[in-house]
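Results of the structural survey
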Amino acid sequence: QALNDFVQLTQHHLKNEKRLTADIAHELKTPLSELISLSEMAIRYPNDQRIAATYQQDVLAIGLNMKGIVNNLLLLQQVASGNIQLQRQSIDLIERINLLVAELTGKYADASQRVYIDNQIGPLECDVDSFSLQTILVNLLDNALFYSPPNTPIQVTLRLLERDEKLKDGATLIHVEMTNQLKQAISDSDLTQLSLPLYQVEQSRTDNNRHGLGLAIVANIAQINQLKFSYCLQGPAKISFSFVAPSVKP
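Being a predicted model, the structure only gives us computed values, none of them experimental.

Ranked by internal contacts, the top residues of the largest apolar core, which has 49 residues, are Leu93, Cys126, Leu133, Ile136, Leu140 and Phe243. For this core, the elements supplying multiple residues, two or more each, are α3 (55-80), α4 (93-104), β3 (126-129), α6 (130-147), β4 (154-160), β5 (173-181), α8 (214-224) and β7 (238-246). The residues touching Leu93, leaving out its near neighbours within four places in the chain, are Cys126, Leu133, Leu137, Leu158, Ile174 and Val176.

Taking strand neighbours across the sheet as the criterion, the five strands line up as β2-β4-β5-β7-β6 in an open arrangement whose pairing is mixed. Because the sheet does not close on itself, it has two edges, and the strands there are β2 (115-119) and β6 (230-233). With direction set aside, neighbouring strand axes in the sheet form an average angle of 20°. The sheet contact formed by β5 and β7 spans nine bridges and is antiparallel. Following the sheet pairing, Ile174 is matched in β7 by Ala245. The strands touched by α4 within the sheet are β2, β4 and β5, with β2 carrying the most contacts at an inclination of about 180°.

Under the definition given, this model contains four aromatic pairs. Ring centres of Phe146 and Tyr147 lie 4.8 Å apart, and the angle between their planes is 85°; on these two criteria the pair is classed as edge-to-face. Look at Tyr147 and you get partly exposed, because its relative accessible area is 35%. One aromatic cluster is present, built from ring pairs that chain together Phe229, Tyr231 and Phe241. Sitting above the plane of the Phe146 ring, Lys183 keeps its charged end 4.9 Å from the centroid.

Turning next to the pairing of β7. A large share of β7 lies buried, amounting to eight of its nine residues. Judged from the four bridges that link them, β6 and β7 form a sheet pairing that is antiparallel. Its bridge partner lying in β7, Ser230 is registered against Ser242. Between β6 and β7, which pair antiparallel in sequence order, lie four residues; one of them, Gly235, sits at a positive phi of approximately 115°.

Rules and cut-offs
- Residues numbered from 1 in each chain as written.
- Predicted model: local features only at pLDDT ≥ 70, side-chain atom pairs only at ≥ 80, totals over all residues.
- Heavy atoms only, no water.
- Core = buried A, V, L, I, M, F, W, Y, C linked by side-chain atoms within 4.5 Å.
- Buried < 20%, exposed > 50% of the residue type's maximum accessible area, 1.4 Å probe, protein only.
- Helix = DSSP H or I, 4+ residues; strand = E, 2+ residues; numbered from the N terminus.
- Contact = heavy atoms within 4.5 Å.
- Pairing = 2+ DSSP bridges.
- Axes fitted to C-alpha atoms, helices over the stretch in contact; angles between N-to-C directions.
- Phe/Tyr/Trp six-rings, centres within 6.5 Å; stacked < 30°, edge-to-face > 60°.
- Lys NZ or Arg CZ within 6 Å of the ring centre and 35° of its normal.

All we've got here are geometric facts, nothing functional implied.
Following this line, the structure appears as structure tokens:
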């Protein structure tokens, strides 16, 4: 039985590796094909201003897209292997979330109007690695704003866990939950695979700027920091993501 379990586990990992390899090839092949097609058109029609006028900006945009894919793949490999230096520090969660929302207004003009913070912890700060927290929050906020219908709210709730879940050193655990509606309902099967690298519910992959790496990075970086990352459906078209962070010692 143990041998059969080992064989099944190995087959499962092999299947995931094959899927991941195929998805990486697909994600990189798409912008490469765009570069080749665009260059061929520019060479074939050198005097066509419809191509020449935007050629440089188009090439730059495609190159930056490829750079983003590679950087995220490298970051995923780094956090998955545990090869990351953690430096815990005192961080004001409210201030950090507001700062990230302000930065995202360049991408989503109504971000500041849609993100609501329900602060139930008062002025309490968390004790966590700054880069890890930044990576988790920016990915969750970006996903919530992108995958939710226009003008719908994104609720961020900060609350303390029960006293019997305090840490031995006296610090309290802070539960951070982010909830948003979805443009399209997802199944329980899709839900279980959301944090797999390069997995996307929309199999046609019509948006070249979404690669299915964000939640995989979040899940791995949360595990390294022992932040207990989880997510669940609150109905067919509403989803909630959460993690738990220790507060600063009293």
